[in-house]
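Structure at a glance
Here is what each chain is made of, one letter per residue.
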Amino acid sequence: MTQSGITRVGIVAKRGLLAAADHLDELGTWLRTRSITVVFETDTAALARAGADAATYSREDLPKEVDLVVVMGGDGTLLSMATRTAQAGRDVPILGVNFGSLGFLTETRIDELYTVLESVLHGTATFDDRAMLAADAYRAREHFDSRIALNDVVFTKAALSRIIELSISVGSGLVTKVKADGLIIASATGSTAYNLAAGGPIIHPRADAIVLTPIAPHTLTNRPIIIPGGEVIEVRPHVQGNLDEIFVTYDGQSGYPLPEGDVVRVRTAEHRLRLVKAPARSYFELLREKLKWGERG
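Residues numbered from 1 in each chain as written. Predicted model: local features only at pLDDT ≥ 70, side-chain atom pairs only at ≥ 80, totals over all residues. Heavy atoms only, no water.

Right, let's get into the pairing of strand 8 (residues 142-149). Within a regular strand, the side chains alternate between the two sheet faces. With 7 bridges connecting them, strand 7 (residues 127-139) and strand 8 associate as antiparallel partners. Each bridged residue has a counterpart across the sheet, and for Leu133 the counterpart in strand 8 is Ala149. (Pairing = 2+ DSSP bridges. Helix = DSSP H or I, 4+ residues; strand = E, 2+ residues; numbered from the N terminus.)

Next up on the list: the packing of helix 1 (residues 21-32) against helix 4 (residues 113-121). If you want to describe how two helices pack, look at the angle between their axes and the distance between the axes. Running from N to C, helix 1 and helix 4 point in directions that differ by 30 degrees, and their axes come no closer than 12 Å. Judged by the angle between their axes, helix 1 and helix 4 are roughly parallel. When the axes of helix 1 and helix 4 are compared, the crossing they make is right-handed. Two secondary-structure elements touch here, helix 1 through His23, Glu26, Leu27, Trp30 and Leu31 and helix 4 through Leu113, Tyr114, Leu117, Glu118 and Leu121. Here the residues of the contact of helix 1 with helix 4 sort into 7 nonpolar, 1 polar and 2 charged. (Axes fitted to C-alpha atoms, helices over the stretch in contact; angles between N-to-C directions. Parallel < 35°, antiparallel > 145°, perpendicular 65-115°, else oblique. Left-handed = near helix turned anticlockwise from the far one by under 90°. Contact = heavy atoms within 4.5 Å. Nonpolar A, V, L, I, M, F, W, Y, C, P; charged D, E, K, R; others polar.)

On to the packing of aromatic side chains. For the structure shown, the criterion picks out 4 aromatic pairs. Ring plane angle 50 degrees and centroid distance 5.9 Å describe the contact between Tyr250 and Tyr256, whose orientation is recorded as tilted. Classification of Tyr250 as buried rests on a relative accessible area of 4%. Among the aromatic residues, those joined into a cluster by ring pairs are Phe144, Tyr250 and Tyr256. Note that Arg274 overlies the ring of Phe127, its terminal NZ or CZ placed 4.2 Å from the centroid. (Phe/Tyr/Trp six-rings, centres within 6.5 Å; stacked < 30°, edge-to-face > 60°. Buried < 20%, exposed > 50% of the residue type's maximum accessible area, 1.4 Å probe, protein only. Lys NZ or Arg CZ within 6 Å of the ring centre and 35° of its normal.)

Below, the structure written as structure tokens:
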């Protein structure tokens, strides 16, 4: 057994990422020489030549079977595994390895992979604990859906919709009615995703906060609001006719339409995501690299 107690490592690659094939085989061999059991996600096993000899599980089941998940791809792949790890109720750390440009979440480069893995197995790695969002949806006062998201819960209009209207309450009090193209409820981690593109603020991931950002608000005084992470946010859509259809989406991965009378309540989830940190790269270095701060135009 390793000093960290990790004996089984799950490997997940972005679907169809052929560039990862050789790296998957190399990683599988590297782990086996250290007496680590290799577990491939089902689609990832098809990319790896060595996948036929390894145990395989679906993305939903893999977090239940391993002590560490290595994600190869981009932030979207890591988001999908973060949600599934939370839904499995497992405190399994995730190591995100990026291919191409550096990601906000997949911040380990391929040339850093084995150095970072060694530190994880030896129990000397540094982890980021990231808050996640839990959402519960109600229809006719009956609970019908529960989700966990790492980045955001987003309310948007259908393609042909006019401006939509949403009532937003925090705790037991009405905050405002928003008339806009939509609304983003983002975690601190998600503040650098859709929230940033919509003009919302960047929140340091260690801050206990949630940000509410209207998308193209009809009233210019509707500005982003930062609230304490312990609050419950309630969103009620106001739908008038078929052209005003409102959708809710979770981490941009899945969602559904909301008719008049539905309520979605969003709060900080009990489960937190454990991300393996890349060596010697601070959050602000990551921001400078991604956002090109300080560079000449």
